[in-house]
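# Analysis of the macromolecular model
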Amino acid sequence: DAKTTQPTSMDCAEGRAANLPCNHSTISGNEYVYWYRQIHSQGPQYIIHGLKNNETNEMASLIITEDRKSSTLILPHATLRDTAVYYCIVLYTGTASKLTFGTGTRLQVTL
Amino acid sequence: SAVISQKPSRDICQRGTSLTIQCQVDSQVTMMFWYRQQPGQSLTLIATANQGSEATYESGFVIDKFPISRPNLTFSTLTVSNMSPEDSSIYLCSGTVNTGELFFGEGSRLTVL
(Lines give C-alpha, C1' and ligand atoms only; values in the text may rest on other atoms or scores of the structure.)
Protein backbone atom coordinates (compact mmCIF):
# COMPACT_ATOMS: atom_id res chain seq x y z
CA ASP A 1 0.00 0.00 0.00
CA ALA A 2 1.10 3.55 -0.74
CA LYS A 3 2.76 5.59 1.99
CA THR A 4 1.12 8.75 3.29
CA THR A 5 2.54 11.91 4.84
CA GLN A 6 0.55 14.10 7.21
CA PRO A 7 1.44 17.01 9.49
CA THR A 8 1.98 15.88 13.04
CA SER A 9 -0.47 18.34 14.57
CA MET A 10 -2.88 21.15 13.75
CA ASP A 11 -5.03 23.59 15.67
CA CYS A 12 -8.45 24.87 14.66
CA ALA A 13 -10.87 27.30 16.28
CA GLU A 14 -14.30 25.94 17.10
CA GLY A 15 -16.82 26.74 14.38
CA ARG A 16 -14.18 27.16 11.71
CA ALA A 17 -13.40 24.69 8.96
CA ALA A 18 -10.60 22.26 9.67
CA ASN A 19 -8.57 21.35 6.59
CA LEU A 20 -6.32 18.35 7.07
CA PRO A 21 -3.85 17.65 4.25
CA CYS A 22 -2.36 14.35 3.21
CA ASN A 23 0.30 13.54 0.63
CA HIS A 24 0.22 10.17 -1.11
CA SER A 25 2.46 10.69 -4.12
CA THR A 26 3.00 6.96 -4.75
CA ILE A 27 -0.69 6.07 -4.90
CA SER A 28 -1.60 3.67 -7.67
CA GLY A 29 -4.64 3.77 -9.90
CA ASN A 30 -6.69 1.21 -7.97
CA GLU A 31 -6.00 2.50 -4.48
CA TYR A 32 -8.57 4.43 -2.51
CA VAL A 33 -7.97 7.24 -0.02
CA TYR A 34 -9.51 6.58 3.40
CA TRP A 35 -9.77 8.80 6.43
CA TYR A 36 -10.26 7.62 9.98
CA ARG A 37 -10.06 9.36 13.30
CA GLN A 38 -9.34 8.14 16.78
CA ILE A 39 -10.61 9.97 19.79
CA HIS A 40 -8.59 9.24 22.91
CA SER A 41 -8.94 5.65 24.15
CA GLN A 42 -11.57 4.74 21.55
CA GLY A 43 -11.46 2.54 18.46
CA PRO A 44 -10.80 4.30 15.13
CA GLN A 45 -13.89 5.76 13.51
CA TYR A 46 -14.45 5.66 9.76
CA ILE A 47 -14.96 9.13 8.26
CA ILE A 48 -14.94 8.96 4.48
CA HIS A 49 -13.21 7.42 1.51
CA GLY A 50 -12.84 8.13 -2.21
CA LEU A 51 -11.06 7.09 -5.37
CA LYS A 52 -10.73 10.19 -7.54
CA ASN A 53 -13.90 12.23 -7.26
CA ASN A 54 -14.53 14.55 -4.36
CA GLU A 55 -16.79 13.02 -1.74
CA THR A 56 -19.07 14.47 0.92
CA ASN A 57 -21.03 12.87 3.73
CA GLU A 58 -22.60 14.00 6.98
CA MET A 59 -19.24 14.13 8.71
CA ALA A 60 -16.81 15.62 6.23
CA SER A 61 -15.73 16.35 2.68
CA LEU A 62 -12.82 14.75 0.88
CA ILE A 63 -11.03 16.69 -1.83
CA ILE A 64 -8.65 14.65 -4.00
CA THR A 65 -6.34 16.45 -6.43
CA GLU A 66 -6.61 15.62 -10.10
CA ASP A 67 -3.29 13.75 -10.08
CA ARG A 68 -4.43 11.95 -6.89
CA LYS A 69 -1.10 12.60 -5.22
CA SER A 70 -2.66 14.49 -2.34
CA SER A 71 -5.99 15.00 -0.62
CA THR A 72 -7.62 17.18 2.00
CA LEU A 73 -10.17 16.21 4.61
CA ILE A 74 -12.48 19.08 5.47
CA LEU A 75 -14.52 19.28 8.65
CA PRO A 76 -16.78 22.23 7.75
CA HIS A 77 -17.59 23.43 11.27
CA ALA A 78 -15.19 21.95 13.78
CA THR A 79 -16.38 21.37 17.33
CA LEU A 80 -14.49 20.47 20.48
CA ARG A 81 -15.62 16.88 20.00
CA ASP A 82 -13.67 16.74 16.74
CA THR A 83 -10.41 16.85 18.69
CA ALA A 84 -8.73 13.58 17.71
CA VAL A 85 -5.94 11.97 15.72
CA TYR A 86 -6.85 11.83 12.03
CA TYR A 87 -5.36 9.12 9.85
CA CYS A 88 -5.09 9.25 6.08
CA ILE A 89 -4.62 5.83 4.52
CA VAL A 90 -4.48 4.58 0.95
CA LEU A 91 -5.26 0.99 0.11
CA TYR A 92 -6.44 -1.34 -2.57
CA THR A 93 -9.84 -2.71 -1.61
CA GLY A 94 -9.21 -6.05 -3.16
CA THR A 95 -8.90 -9.43 -1.54
CA ALA A 96 -6.46 -8.12 1.07
CA SER A 97 -7.96 -4.81 2.06
CA LYS A 98 -5.88 -4.27 5.17
CA LEU A 99 -5.09 -0.82 6.47
CA THR A 100 -1.63 0.39 7.33
CA PHE A 101 -1.80 3.30 9.74
CA GLY A 102 0.76 6.11 9.73
CA THR A 103 1.27 8.51 12.60
CA GLY A 104 -1.71 10.72 11.69
CA THR A 105 -2.47 14.37 12.46
CA ARG A 106 -3.44 15.36 15.96
CA LEU A 107 -6.18 17.97 15.54
CA GLN A 108 -6.83 20.20 18.53
CA VAL A 109 -10.05 22.22 18.34
CA THR A 110 -10.04 25.20 20.68
CA LEU A 111 -12.57 27.74 21.89
CA SER B 1 -22.59 -0.02 8.60
CA ALA B 2 -21.50 -2.62 11.12
CA VAL B 3 -21.26 -2.66 14.90
CA ILE B 4 -18.34 -4.56 16.37
CA SER B 5 -18.43 -5.65 19.99
CA GLN B 6 -15.20 -6.53 21.70
CA LYS B 7 -14.67 -8.10 25.10
CA PRO B 8 -13.17 -7.78 27.54
CA SER B 9 -12.88 -4.03 27.31
CA ARG B 10 -9.98 -4.15 29.73
CA ASP B 11 -8.11 -6.65 31.85
CA ILE B 12 -5.14 -6.90 34.16
CA CYS B 13 -3.22 -10.13 33.83
CA GLN B 14 -0.26 -11.83 35.41
CA ARG B 15 2.95 -12.55 33.54
CA GLY B 16 2.97 -15.97 31.91
CA THR B 17 -0.80 -16.30 31.56
CA SER B 18 -2.89 -16.08 28.39
CA LEU B 19 -5.93 -13.97 27.54
CA THR B 20 -8.48 -14.47 24.78
CA ILE B 21 -10.21 -11.45 23.28
CA GLN B 22 -13.49 -11.91 21.44
CA CYS B 23 -14.85 -9.86 18.57
CA GLN B 24 -18.50 -10.14 17.47
CA VAL B 25 -19.91 -8.29 14.46
CA ASP B 26 -23.62 -7.66 14.03
CA SER B 27 -23.50 -8.38 10.31
CA GLN B 28 -21.39 -10.37 7.91
CA VAL B 29 -18.06 -8.85 7.05
CA THR B 30 -15.77 -9.92 4.26
CA MET B 31 -12.49 -9.40 6.07
CA MET B 32 -11.54 -9.26 9.74
CA PHE B 33 -8.28 -7.96 11.16
CA TRP B 34 -6.55 -7.67 14.50
CA TYR B 35 -4.43 -4.63 15.44
CA ARG B 36 -2.30 -3.63 18.39
CA GLN B 37 -1.86 -0.08 19.61
CA GLN B 38 0.86 0.54 22.14
CA PRO B 39 0.67 3.62 24.35
CA GLY B 40 1.06 6.85 22.39
CA GLN B 41 1.55 5.05 19.09
CA SER B 42 -0.40 4.32 15.95
CA LEU B 43 -2.09 1.02 15.12
CA THR B 44 -0.01 -1.94 13.99
CA LEU B 45 -1.62 -4.78 12.06
CA ILE B 46 -1.11 -8.16 13.72
CA ALA B 47 -2.92 -10.45 11.29
CA THR B 48 -5.81 -11.03 8.95
CA ALA B 49 -8.35 -13.46 10.40
CA ASN B 50 -9.38 -15.89 7.68
CA GLN B 51 -12.65 -17.77 7.98
CA GLY B 52 -12.11 -21.47 8.51
CA SER B 53 -8.37 -21.39 7.96
CA GLU B 54 -5.18 -20.17 9.57
CA ALA B 55 -4.74 -16.45 9.99
CA THR B 56 -2.24 -14.51 7.88
CA TYR B 57 0.31 -12.86 10.15
CA GLU B 58 2.32 -9.71 9.55
CA SER B 59 6.06 -9.54 10.01
CA GLY B 60 6.98 -9.69 13.67
CA PHE B 61 3.87 -11.59 14.76
CA VAL B 62 3.59 -15.38 15.02
CA ILE B 63 0.79 -17.85 15.55
CA ASP B 64 2.27 -19.35 18.71
CA LYS B 65 2.15 -15.97 20.42
CA PHE B 66 -1.12 -14.67 18.92
CA PRO B 67 -3.35 -17.58 17.91
CA ILE B 68 -6.44 -16.38 16.05
CA SER B 69 -9.68 -18.10 15.22
CA ARG B 70 -12.49 -17.13 12.87
CA PRO B 71 -15.09 -19.89 12.79
CA ASN B 72 -17.68 -17.86 10.84
CA LEU B 73 -18.24 -14.50 9.12
CA THR B 74 -19.21 -12.61 12.26
CA PHE B 75 -16.90 -13.83 15.03
CA SER B 76 -13.18 -13.96 15.74
CA THR B 77 -10.88 -14.40 18.72
CA LEU B 78 -7.31 -13.34 19.42
CA THR B 79 -5.32 -14.96 22.20
CA VAL B 80 -2.28 -13.26 23.68
CA SER B 81 -0.20 -16.17 24.96
CA ASN B 82 2.42 -16.37 27.70
CA MET B 83 2.06 -12.68 28.39
CA SER B 84 4.83 -10.36 29.49
CA PRO B 85 4.66 -6.66 30.44
CA GLU B 86 5.71 -5.79 26.87
CA ASP B 87 2.33 -7.12 25.70
CA SER B 88 0.53 -4.37 27.59
CA SER B 89 -1.38 -2.61 24.84
CA ILE B 90 -4.77 -1.98 23.31
CA TYR B 91 -5.88 -4.74 20.98
CA LEU B 92 -8.50 -3.91 18.35
CA CYS B 93 -10.43 -5.97 15.87
CA SER B 94 -11.89 -4.62 12.67
CA GLY B 95 -14.10 -5.81 9.86
CA THR B 96 -14.65 -4.75 6.26
CA VAL B 97 -18.13 -4.66 4.76
CA ASN B 98 -18.72 -5.07 1.06
CA THR B 99 -18.92 -1.30 0.49
CA GLY B 100 -15.24 -1.05 1.40
CA GLU B 101 -15.80 0.60 4.76
CA LEU B 102 -13.86 -0.85 7.64
CA PHE B 103 -15.23 -0.65 11.17
CA PHE B 104 -13.40 -1.08 14.46
CA GLY B 105 -14.30 -2.42 17.84
CA GLU B 106 -13.71 -0.25 20.88
CA GLY B 107 -10.58 -2.12 21.80
CA SER B 108 -9.40 -4.28 24.68
CA ARG B 109 -6.94 -2.57 27.01
CA LEU B 110 -4.55 -5.17 28.41
CA THR B 111 -2.18 -4.57 31.31
CA VAL B 112 0.33 -7.28 32.17
CA LEU B 113 1.95 -7.17 35.59
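A brief structural summary. (Residues numbered from 1 in each chain as written. Chains lettered and ligands numbered in written order. Predicted model: local features only at pLDDT ≥ 70, side-chain atom pairs only at ≥ 80, totals over all residues. Heavy atoms only, no water.)

### Let's talk about the packing of aromatic side chains
Residue and element names in this part refer to chain A. The condition that has to hold: Stacked, edge-to-face and tilted labels apply to pairs of Phe, Tyr and Trp rings (six-membered ring for Trp) whose centres lie within 6.5 Å, assigned for plane angles under 30 degrees, over 60, and everything in between, in that order. By the criteria applied, helices consist of DSSP H or I runs no shorter than four residues and strands consist of E runs no shorter than two, each listed in order from the N terminus. Only protein chains enter the accessibility calculation, which uses a 1.4 Å probe; a residue is then buried when its area is under 20% of its type maximum, exposed when over 50%, and partly exposed in between.
Throughout the structure, instances matching the rule amount to eight aromatic pairs over all chains. On the basis of an interplanar angle of 65° and a centroid distance of 6.4 Å, the ring pair of Tyr34 and Tyr46 is categorised as edge-to-face. Linking Tyr34 in strand 3 (residues 31-38) with Tyr46 in strand 4 (residues 45-50), this pair joins segments that are 12 residues apart in sequence. On the basis of relative accessibility, which here comes to 1%, the residue Tyr34 falls in the buried class. Classification of Tyr46 as buried rests on a relative accessible area of 16%. Arranged with centres 5.8 Å apart and planes meeting at 75°, the rings of Tyr36 and Tyr46 form a pair that is edge-to-face. Of this pair, Tyr36 sits in strand 3 while Tyr46 sits in strand 4, placing them 10 residues apart in sequence.

### Quick word on the nonpolar core
Buried together is how nonpolar side chains tend to be arranged in soluble globular proteins. Short version of the rule: The set of buried Ala, Val, Leu, Ile, Met, Phe, Trp, Tyr and Cys residues whose side-chain atoms join them within 4.5 Å is what this entry labels a nonpolar core.
In terms of nonpolar packing, the biggest core is built from 27 residues, with Trp34, Ile46, Phe66, Ile68, Leu78, Tyr91 and Leu110 of chain B touching the most fellow members. Elements with a minimum of two residues in this core: strand 3 (19-25), strand 4 (31-37), strand 5 (43-49), strand 8 (75-80), strand 9 (89-96) and strand 11 (108-112) of chain B.

### Some remarks on the side chain of Ser81 of chain B
Mapped onto the fold, Ser81 of chain B is located in the loop between strand 8 and strand 9. Relative accessible area serves as the criterion here: at 13%, Ser81 of chain B is assigned to the buried category.

### Digging into the sheet that holds strand 2 (residues 18-23) of chain A
Residues and elements named next belong to chain A. For clarity, the cut-off: Only strands that DSSP links by at least two bridges are regarded as paired with each other.
One open sheet holds the four strands; their spatial order is 2-7-6-5, and the pairing between them is antiparallel. Every other strand in the sheet has two partners, leaving strand 2 and strand 5 (55-56) as the edge strands with one partner each. Where strand 5 lies against strand 6 (residues 61-64), two bridges are found, and the strand directions are antiparallel. The residue of strand 6 that forms the bridge with Thr56 is Ser61.

### Considerations on the interface of chain A and chain B
For clarity, the cut-off: Here, residues are in contact when the closest pair of their heavy atoms is within 4.5 Å. Two parts placed together each lose some accessible area under a 1.4 Å probe, and adding up what both lose gives the buried area. Whenever Lys or Arg places a side-chain nitrogen within 4 Å of a carboxyl oxygen from Asp or Glu, that contact is recorded as a salt bridge. Polar contacts, as used here, are pairs of N or O atoms within 3.5 Å; protein pairs need one atom able to donate a hydrogen and one able to accept it. Residues neighboring in sequence count only if both atoms are side-chain atoms.
If you look at the interface, chain A gives 18 residues, while chain B gives 18 residues. Between chain A and chain B, a total of about 1,400 Å² is buried, with carbon and sulfur atoms accounting for 52% of that surface. If you look at where chain A meets chain B, you find zero salt bridges. Where chain A meets chain B, there are three residue pairs in polar contact (both at pLDDT 80 or more). Those elements that provide at least two residues to the side of chain A that touches chain B are strand 3 and strand 4 of chain A. The element best represented in the side of chain A that touches chain B is strand 3 of chain A, accounting for three residues.

### Quick look at the pairing of strand 4 of chain A
All names here are of chain A. Counting buried positions over the six residues of strand 4 gives five, a clear majority of the element. Of the strand pairs in this sheet, strand 3 and strand 4 are connected by five bridges, and their pairing is antiparallel. Residue pairing in the sheet places Tyr34 in a bridge with His49 of strand 4. Connecting strand 3 to the antiparallel partner strand 4 that follows it, the hairpin turn spans six residues, and Ser41 within it adopts a positive phi of roughly 70°.

### What to know about the state of the cysteines
The criterion, for reference: Defined by distance alone, a disulfide is two cysteine sulfur atoms within 2.5 Å.
Within the structure shown, the criterion is met by two disulfides over all chains. Disulfide pairing places Cys23 of chain B opposite Cys93 of chain B at an S-S distance of 1.8 Å. Handedness of the Cys23 of chain B-Cys93 of chain B disulfide follows from its S-S torsion of about 70°: it is right-handed. Taken together, the residues span a long stretch of sequence, with Cys23 of chain B in strand 3 and Cys93 of chain B in strand 9 at a distance of 70 residues. Each member of the pair, Cys23 of chain B as well as Cys93 of chain B, carries the same accessibility label: buried. Here Cys12 of chain A is not cross-linked by a disulfide; its sulfur's nearest cysteine counterpart is in Cys22 of chain A, at 18 Å. Not part of a disulfide, Cys13 of chain B finds its nearest cysteine sulfur in Cys93 of chain B, a span of 17 Å. Residue class for Cys13 of chain B comes out buried when judged on its relative accessible area of 8%.

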